[in-house]
Amino acid sequence: MYTPQQISEIIGARLVGDTQHVVQHLLIDSRQLTEPSHTVFVALVTERNDAHQYIFGLCQKGVKTFIVNHIPENCIGLKDNVCFLIVSDTLQALQLIATYHRKQFTIPVIGVTGSNGKTIVKEWLYQLLKSDYNIARSPKSYNSQVGVPLSVWQLHHNHSLGIFEAGISEPGEMNLLKNIIQPTIGVFTSLGTAHDEGFTNISQKLKEKLTLFEESETVIVNALSFKEEHLELLKKHVFLISRSPNATLEIVKIENLFTHTHIVANYHSKEISIDIPFTDSASIENAITCWAVLLYLNIDKEDIERRMHLLQAVAMRLELKLGNNNCVLINDFYNSDINALEIALHHQKQQHRGGKKIVILSDIEQSGKLSWELYEYVAKLISQFGIDTFVGIGKEISSQQKLFKTDAHFFEDTQSFISESKVNPELQFHNAIILLKGARSFGFETISKQLQQKSHDTVLEINLTRLIHNINFYKSQLTKDTQLMCMVKATGYGSGSTEIAFTLQHHHVNYLAVAYADEGVELRKAGIHLPIMVMSPEESSYDDMIEYRLEPEIYSIRIAKEFLHALQNKAITQAYPVHIKLDTGMRRLGFEEGQIDELCKLLKTENLFKVKSIFSHLVASDDKAFDEFTNSQISRFEKMSSHIEKEIGYSTIKHICNSGAITRLKPAHYNMVRLGIGMYGVGFNDVEKQSLQNISSLKTRISQIKHLEPGETVGYNRRGVAAKKMTIATIPIGYADGFSRKLGNGNYSVFINNEACKTIGNICMDMCMVDVSDVNCQEGDEVIVFETTEQLMELSRSMETIPYEVLTGISSRVKRVYVQE
């Protein structure tokens, strides 16, 4: 707890307003508010966003303390009820608070940095050391100039160890993070190419990263990927991991045993070994780093062997699936520590679309708190997040059930809950969003299988974290005043319009656009409140559009008069927002130049239209060969839109740039751009292709494996012929799922255990066959249809089409699974 006066002294702030309260929580994201009265909101300012705009709303929700660089005009009258700490740089203030807070603790702190593996190493160290220490650690991948202060702020008097990661992208950043973390033990995970663009060379990057450990008692360096010249940059007091006999931990042998890896090393002139349940190179390198930390901390070697053998994969993402009875499931049942619970509750809040909020939680792994203290805090979170029904599973949480005031049910084990849920109507959930949060030992997978919709093995996985990355890339191309309209038509380009729309709404895009009114109605019913433009309004849908406040694209005098008539029939008296479509060369929909005077006459005569935007569509914005035509379109658009604005007497939003134009045609951004396929990870030029991330992965599993003799045939019409002895796998995806018949007979390869496997024979309606003669696989193994942009583009070429058609053509019977890292 800190008082405003204490914080003012720490950050050198001018204090204005009421100071009679205390602060316990730091907040930089207004959407993640949980305990207003004890929260200080830090109003960060970036190129794209100024958080001062959220202060008034937070005041209304009960926040009393703010760190600002000025008091917003709409908050000046609130000074008697809240406290403003005024500084010149709010980010620096955040870092100063965290630096001061860190100095209040004398416990060991492990600082983790490196090119790759920081988060995995941090999470594995937590798994390996939680029985010895009460650990504070970075949430998720909080390793930036903002994330590190928030991580260190978690330190509490009952913690006995801190583990914090630090990441940088340019020189000068690590010194700031060093002052905040103040690590007593340094861990350097690896040296690679990540963020190379911010440094002169890799040696400069290494020097900058090692700045974190200048005052550490030791630095544990995994130098397995180092070159000789990099080793020379290390100081003498390092705990070195390498294959050199001079290393502190000399790696002698790494033996891949198919299901696990055996690692042998020399340490203090003695041979030691561990087995880890992973075989990939990244996991092996990260596990060796953790092994070294445990050796340095003098953990018993036999105990180390046992712990390393029990290492568990780190669950880096949440899964969102459709459940039975109109429910939505959020699966996060691979860890159950208290920090992860709060993160998952925020995700549930973000995806909430009406109906009940339900949490099913197991006993929480060792937290360092007394049982009543831990579950008192859990109960407080459940109350703060407005959870309607709570289910606790485990002996420990059941013993504290009196702390939970909401509708709550408790069971000693998972099977007891499943049995009861089959006969108890209160546990047969309807119209709810359900968070499953549990430790692996509780086997919540069985609960998930019971609650989720049944479907076949083929799924389209949509990565919402990558979607956010792509949105932020395009935002970085815009000026602060340029708005962003995102296209969620055609079921979000096949990705699911509702789930995509909730993510976009949470990340403050300005507008959504759909093709037809029923798509917009579905979003409104789900709880989307952003403005929505309907690009193909139909007379039969006008009443629904008005009822659900959907904004039509007006592309002809006929449409304008029809919609005007609908407004009059509904007795609408206030001007209704509409969007004027101009045809500047697409020759599809829109007003032509000769029709503008008639349009303006209608707009001036009738007062029921408020022109929200004027826009047009570029024909070939991504193709330099047509730039002359593109520029002529832009010129026509400027002439026509300016004429309309002059006639109606007010300015409007103007937009002509689609995905292909945003990075290429910045002078034509006007005050809004429209983002479509680029949001989903498909780029048009080198800049976009290097920066965007594919958000969709189409996956299935092997149904059956067969062995063929030479001359045997495969599939309909005997089109597939075995030229020699062959092994084939049948997979449950066919042309009814969107896997075109053009892909048969060797025209496309899926991937099984990282090996390309060509199709054989014709594609069937519900399945197809692939050649696995040279692949080590078995029934049930995962099959990747596509998961990278390159694979998606290859699939498009094989289908003789474009990625738009591939994505929108994936059948609705293919289950959509949403993940957030």
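See the structure shown above.
Note that the coordinates shown come from a computational prediction; the quantities given were computed from them, not determined experimentally. (Residues numbered from 1 in each chain as written. Predicted model: local features only at pLDDT ≥ 70, side-chain atom pairs only at ≥ 80, totals over all residues. Heavy atoms only, no water.)

Visitor: Would you mind going over unusual backbone geometry with me for this structure?
Guide: The phi angle of most residues is negative, glycine excepted, and most peptide bonds adopt the trans form. The backbone phi angle of Ala-571 is positive, close to 60 degrees, even though this residue is not glycine. The topology assignment puts Ala-571 in the loop between helix H21 (557-569) and strand E26 (576-582). Ala-571 sits in the exposed class, given a relative accessible area of 58%. A positive phi angle is found at Glu-800, which is not glycine, with a value near 55 degrees. With respect to the helices, strands and loops of the structure, Glu-800 is situated in the loop between helix H26 (789-798) and helix H27 (803-808). According to the relative accessible area criterion, Glu-800 is exposed, its value standing at 66%. (Helix = DSSP H or I, 4+ residues; strand = E, 2+ residues; numbered from the N terminus. Buried < 20%, exposed > 50% of the residue type's maximum accessible area, 1.4 Å probe, protein only.)

Visitor: Would you explain the pairing of strand E20 (residues 432-437) in this entry?
Guide: When a strand is regular, its side chains alternate between the sheet's two faces. Within E20, six of the six residues are buried, leaving the element largely enclosed by the surrounding structure. Burial along E20 is two-sided: the face carrying Ala-432, Ile-434 and Leu-436 and the face carrying Ile-433, Leu-435 and Lys-437 are both buried. Across five bridges, the pairing between strand E16 (residues 328-332) and E20 is parallel. Its bridge partner lying in E20, Ile-330 is registered against Leu-435. The sheet contact formed by strand E17 (residues 356-362) and E20 spans six bridges and is parallel. Each bridged residue has a counterpart across the sheet, and for Ile-360 the counterpart in E20 is Leu-436. (Pairing = 2+ DSSP bridges.)

Visitor: For this particular structure, what's the right way to read the sheet that holds strand E5 (residues 83-86)?
Guide: Either a parallel or an antiparallel arrangement is found when strands of a sheet pair, and the pairing is made through backbone hydrogen bonds. Spatially, five strands are ordered E1-E5-E4-E3-E2 in an open sheet, and the strand pairing comes out mixed. Either end of the sheet is taken by a strand with one partner, and the two such strands are strand E1 (14-17) and strand E2 (25-27). Recorded for the sheet is a direction-independent mean angle of 20 degrees between the axes of neighbouring strands. Relative to E5, helix H1 (residues 4-11) is tilted by about 10 degrees, and along the sheet it contacts E1, strand E4 (65-68) and E5. Each of E2, strand E3 (39-42) and E4 is contacted by helix H3 (residues 90-102), which is oriented at about 125 degrees to E4, the strand it contacts most. (Axes fitted to C-alpha atoms, helices over the stretch in contact; angles between N-to-C directions. Contact = heavy atoms within 4.5 Å.)

Visitor: Honestly, the packing of helix H9 (residues 281-296) against helix H10 (residues 301-309) in this entry has me stumped. Any pointers?
Guide: What describes two packed helices is the angle between their axes and the distance between those same axes. It is at 10 Å that the axes of H9 and H10 come closest, and there the two elements cross at 150 degrees. On the basis of the axis angle, H9 is roughly antiparallel to H10. The two elements H9 and H10 cross, and the hand of that crossing is right-handed. Contacts between H9 and H10 involve Ala-287, Trp-291, Leu-294 and Leu-295 on the former and, on the latter, Lys-301, Ile-304 and Met-308. The residue makeup of the contact of H9 with H10, split by class, is six nonpolar, no polar and one charged. (Parallel < 35°, antiparallel > 145°, perpendicular 65-115°, else oblique. Left-handed = near helix turned anticlockwise from the far one by under 90°. Nonpolar A, V, L, I, M, F, W, Y, C, P; charged D, E, K, R; others polar.)

Visitor: When you look at the side chain of Ser-696 in this model, what are you seeing that I'm missing?
Guide: Note that Ser-696 resides in strand E30 (residues 696-701). Judged by its relative accessible area of 1%, Ser-696 falls in the buried class. When residues no more than four places from it in sequence are discounted, the contact partners of Ser-696 are Leu-460, Glu-461, Ile-462, Ser-495, Phe-786, Glu-787 and Leu-807.

Visitor: Sorry if this is basic, but what is going on with a nonpolar patch on the surface here?
Guide: Taken together, the side chains of Val-619, Phe-626 and Phe-629 make up a nonpolar region of the molecular surface, amounting to roughly 260 Å² of accessible area. Secondary-structure assignment places Phe-629 in helix H23 (residues 627-648). (Patch = residues over 30% accessible without salt bridge, like charges linked within 9 Å, V, L, I, M, F, W, Y side chains within 5 Å. Areas by Shrake-Rupley, 256 points an atom, 1.4 Å probe, with all protein chains shown as cover. Salt bridge = Lys/Arg side-chain N within 4 Å of Asp/Glu carboxyl O.)

Visitor: How should the sheet that holds strand E23 (residues 511-514) be read in this particular structure?
Guide: Pairing is parallel across the open sheet formed by eight strands, whose spatial order is E28-E27-E26-E25-E24-E23-E22-E29. Each of the sheet's edge strands pairs with one partner strand only, and the pair in question is strand E28 (653-655) and strand E29 (672-675). Across the sheet, the mean angle separating the axes of adjacent strands is 30 degrees when strand polarity is ignored. With two bridges connecting them, strand E25 (residues 551-554) and E26 associate as parallel partners. Each bridged residue has a counterpart across the sheet, and for Ile-554 the counterpart in E26 is Ile-580. On the sheet, H23 packs against E26, strand E27 (609-616) and E28 and is oriented at approximately 170 degrees with respect to E27.

Visitor: Sorry if this is basic, but what is going on with the packing of helix H4 (residues 118-129) against H9 here?
Guide: Here H4 crosses H9 at 45 degrees, and the two axes come no closer than 10 Å. When the interaxial angle is binned, H4 and H9 end up oblique. Pair H4 / H9 crosses with right-handed handedness. Where H4 abuts H9, its residues Ile-120, Val-121, Trp-124, Leu-125, Leu-128 and Leu-129 lie against Ser-283, Asn-286, Ala-287, Thr-289, Cys-290, Val-293 and Leu-294. By residue class, the composition of the contact of H4 with H9 is 10 nonpolar, three polar and no charged.

Visitor: What should I look at first to understand a negative patch on the surface in this one?
Guide: On the surface, Asp-518, Glu-522, Glu-538, Asp-543, Asp-544 and Glu-547 cluster together to form a negatively charged patch. Among the elements of the structure, helix H19 (517-526) and helix H20 (542-547) are those that each provide at least two residues to the negative patch. Topologically, Asp-518 is positioned in helix H19. Overall, Asp-518 belongs to the exposed group, its relative accessible area being 55%. (Lys, Arg positive; Asp, Glu negative; His and termini not counted. Charge placed at Lys NZ, Arg CZ, Asp CG, Glu CD.)

Visitor: Just checking my understanding: could you explain the environment of Gly-585 for this structure?
Guide: Inspection of the secondary structure assignment puts Gly-585 in the loop between E26 and helix H22 (596-605). By relative accessible area, Gly-585 is classed as buried at 17%. Each residue touching Gly-585, except ones within four places of it in the same chain, is listed here: Val-619, Phe-629, Gln-633 and Arg-636.

Visitor: It is not clear to me how the packing of aromatic side chains should be interpreted in this structure. Could you clarify?
Guide: The description of an aromatic ring pair rests on the distance of the ring centres and on the angle between the ring planes. Following the criterion strictly, the structure yields 17 aromatic pairs and no others. For the pair Phe-473 and Tyr-474, a centre-to-centre distance of 5.1 Å together with 70 degrees between the ring planes defines the contact as edge-to-face. Comparing Phe-473 with Tyr-474 shows no difference in burial state: the two are buried. Ring plane angle 20 degrees and centroid distance 6.5 Å describe the contact between Phe-563 and Phe-609, whose orientation is recorded as stacked. Pair noted here: Phe-563 is in helix H21 and Phe-609 is in strand E27, with a separation of 46 residues, a long-range link. A relative accessible area of 0% means that Phe-563 is categorised as buried. Since its relative accessible area comes to 6%, Phe-609 is described here as buried. Taken together, the ring pairs in this structure connect Tyr-542, Phe-563, Tyr-576 and Phe-609 into an aromatic cluster. (Phe/Tyr/Trp six-rings, centres within 6.5 Å; stacked < 30°, edge-to-face > 60°.)

Visitor: Any chance you could explain the side chain of Glu-553 here in plain terms?
Guide: When you line up the elements, Glu-553 lands in strand E25. Summary of buried charges: Glu-553 has no salt-bridge partner, and the nearest side chain of opposite charge, Lys-581, is 4.0 Å away. Beyond its immediate chain neighbours, meaning those up to four positions away, Glu-553 contacts Val-534, Met-535, Pro-537, Ile-559, His-579, Lys-581, Leu-589 and Phe-615.

Visitor: Whenever I open this one, the nonpolar core confuses me. Can you help?
Guide: One broad rule of soluble globular proteins: the nonpolar side chains tend to lie buried together. Judged by nonpolar contacts, the single largest core of 137 residues is most densely connected at Leu-512, Ile-580, Ile-644, Phe-739 and Phe-786. Not counting chain neighbours up to four residues away, the residues in contact with Leu-512 comprise Met-485, Cys-486, Val-488, Ala-501, Leu-504, Leu-523, Ile-528, Leu-530, Pro-531, Ile-532 and Met-533. (Core = buried A, V, L, I, M, F, W, Y, C linked by side-chain atoms within 4.5 Å.)

Visitor: What is the right way to look at the pattern of salt bridges in this model?
Guide: Think of it this way: side chains of opposite charge can pair up when their charged atoms draw near. One pass over the full model with this rule turns up 25 salt bridges. One salt bridge connects Arg-306 with Asp-303, and the closest N-O pair in it is separated by 2.6 Å. Taken together, the residues Arg-306 and Asp-303, both in helix H10 and three residues apart, mark about one turn of the helix. According to the relative accessible area criterion, Arg-306 is partly exposed, its value standing at 45%. A salt bridge links Glu-592 to Arg-587; the nearest nitrogen and oxygen atoms lie 3.4 Å apart. A residue is classified by how much of its surface remains accessible, and Glu-592, at 35% relative accessible area, is partly exposed. Through salt bridges with shared partners, one network takes in Lys-122, Glu-123, Arg-137 and Glu-165.

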